[in-house]
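The chain contents come next:
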Amino acid sequence: MIASPIIECRKVNKFYGSYHALIDVDESIERGEVVVVCGPSGSGKSTLIRTINRLESIDSGQILLDGQDIHRPGIELDRFRSGIGFVFQQFNLFPHLSVIDNCTLAPMHLRGLTPAQAKDAAMVLLERVGLADKANAYPAQLSGGQQQRVAIARALAMQPPLMLFDEPTSALDPEMVGEVLLVIRDLAHKGMTLVVVTHEMGFAREVADRILFMDHGVVLERAKPDDFFNRPQHPRAQQFLSDIRSPFA
């Protein structure tokens, strides 16, 4: 028996007023796959990833997670979102809570863990992202890279089968980008299902199983990294890669 994809998009359309942000997107993502979504600004890649977590509605089509239509009426949104890890550009940590409290709040309220269980699990995750020594610090006391690593640990605390990253390094100073990408790379190597919207093409080349290239709301190319970077098929993908290789040409 062939396992069904963890994510299926079927003819997904999304409008912002008269602007057609997603156009008939058909895509599937397999369990354990690492997919990087790239493209120029305004191409629809962040909109796409946000529809997979119901942070954005869709106007037509279906998005299935483990075979369940996630945009159906009556879905319990909080329970649904608790099963998907989402890491934002701007960290979105609770500023009034310590690092450890940021990581234990949802597991206690939504997974029913005791404070001791949640703390033990959170410390394991903070150790994993290299921040166990910052457990009692507050977000304002951390660098941007440290805050983003805490945000990843917080998402992992819900034990999601899927992690979504919406340009997780775009708000970081260049010297902090690497520390966050190392954590995401570690998740990829451990076989977790990841969908990553990013401009970090070196990371995409190294870590992705597959790359989706979008422009103007359409997935124009789907390819393995070697094919995408060395043999892009669509003229728009060829131009995109040429531009990022020669930014001052």
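Please refer to the structure higher up on the page.
Owing to the predicted nature of the structure, the values given are computational and were not obtained by experimental measurement. (Residues numbered from 1 in each chain as written. Predicted model: local features only at pLDDT ≥ 70, side-chain atom pairs only at ≥ 80, totals over all residues. Heavy atoms only, no water.)

Draft legend 1. Molecular detail of the packing of helix α3 (residues 99-110) against helix α4 (residues 115-128). The N-to-C vectors of α3 and α4 enclose an angle of 125 degrees; their axes lie 9 Å apart at closest approach. Considering the angle they form, α3 stands oblique to α4. Here the hand of the crossing between α3 and α4 comes out right-handed. Between α3 and α4, the contacting residues are V99, I100, C103, T104, P107 and M108 on the first element and P115, A118, K119, A122, M123 and L126 on the second. Looking at side-chain class alone, the contact of α3 with α4 contains 10 nonpolar, 1 polar and 1 charged residues. (Axes fitted to C-alpha atoms, helices over the stretch in contact; angles between N-to-C directions. Helix = DSSP H or I, 4+ residues; strand = E, 2+ residues; numbered from the N terminus. Parallel < 35°, antiparallel > 145°, perpendicular 65-115°, else oblique. Left-handed = near helix turned anticlockwise from the far one by under 90°. Contact = heavy atoms within 4.5 Å. Nonpolar A, V, L, I, M, F, W, Y, C, P; charged D, E, K, R; others polar.)

Draft legend 2. The arrangement of the pairing of strand β7 (residues 162-166) in detail. Most of β7 is tucked away: 5 of the 5 residues are buried. What you see with β7 is no split at all: L162, L164 and D166 on one side and M163 and F165 on the other are buried throughout. The pairing of strand β6 (residues 85-87) with β7 spans 3 bridges and is classified as parallel. Residue V87 lies in a different strand from β7, and its bridge partner there is F165. (Buried < 20%, exposed > 50% of the residue type's maximum accessible area, 1.4 Å probe, protein only. Pairing = 2+ DSSP bridges.)

Draft legend 3. Highlighting helix α6 (residues 174-189). A rise of 1.5 Å per residue sets the reference length of α6, with its 16 residues, at 22 Å; its end C-alpha atoms lie 23 Å apart and thus fit the reference within 8%. Residues of α6 that are buried include every one of M176, V177, V180, L181, V183, I184, R185, L187 and A188, and no others. Tucked inside the fold, the buried residues of α6 contact β3 (34-38), α4, α5 (144-156), β7, β8 (193-197) and α7 (201-207). Directly after α6, the chain includes G191, whose backbone phi takes a positive value near 85 degrees. (Expected span 1.5 Å × (residues − 1).)

Draft legend 4. Here's a closer look at the pattern of salt bridges. Within the structure shown, the criterion is met by 15 salt bridges. Of the charged contacts in the structure, one is a salt bridge between E27 and R210, with a shortest N-O distance of 2.8 Å. Highlighted residues: E27 in strand β2 (residues 19-29) and R210 in strand β9 (residues 210-215), separated in sequence by 183 residues. Residues E27 and R210 agree in their burial class; the two are buried. Overlapping salt bridges bring together E27, E33, R210 and R222 as one network. (Salt bridge = Lys/Arg side-chain N within 4 Å of Asp/Glu carboxyl O.)

Draft legend 5. The sheet that holds strand β4 (residues 60-65), seen in detail. In space, the 4 strands of this open sheet follow the order β2-β1-β4-β5, with antiparallel pairing throughout. Every other strand in the sheet has two partners, leaving β2 and β5 (68-69) as the edge strands with one partner each. Alignment of strand β1 (residues 7-16) against β4, held across 5 bridges, turns out to be antiparallel. Within the sheet, the bridge partner assigned to E8 lies in β4 and is L64.

Draft legend 6. Region of interest: the packing of aromatic side chains. Applying the stated criterion across every chain yields a total of 4 aromatic pairs. Ring centres 6.1 Å apart and planes at 35 degrees place the aromatic pair F213 and F228 in the tilted group. Residue F213 is found in strand β9, and its partner F228 is found in helix α8 (residues 225-230); the two are separated by 15 residues along the sequence. Note on F228: relative accessible area 0%, which makes it buried. Look at F213 and F240: their rings are 5.1 Å apart centre to centre, the planes differ by 50 degrees, and that puts the pair in the tilted class. With F213 in strand β9 and F240 in helix α9 (residues 235-245), this pair connects stretches of sequence that are 27 residues apart. Residue F213 shares its accessibility class with F240, and that shared class is buried. Through a chain of ring-to-ring contacts, three or more aromatic side chains come together here, namely F213, F228, F229 and F240. (Phe/Tyr/Trp six-rings, centres within 6.5 Å; stacked < 30°, edge-to-face > 60°.)

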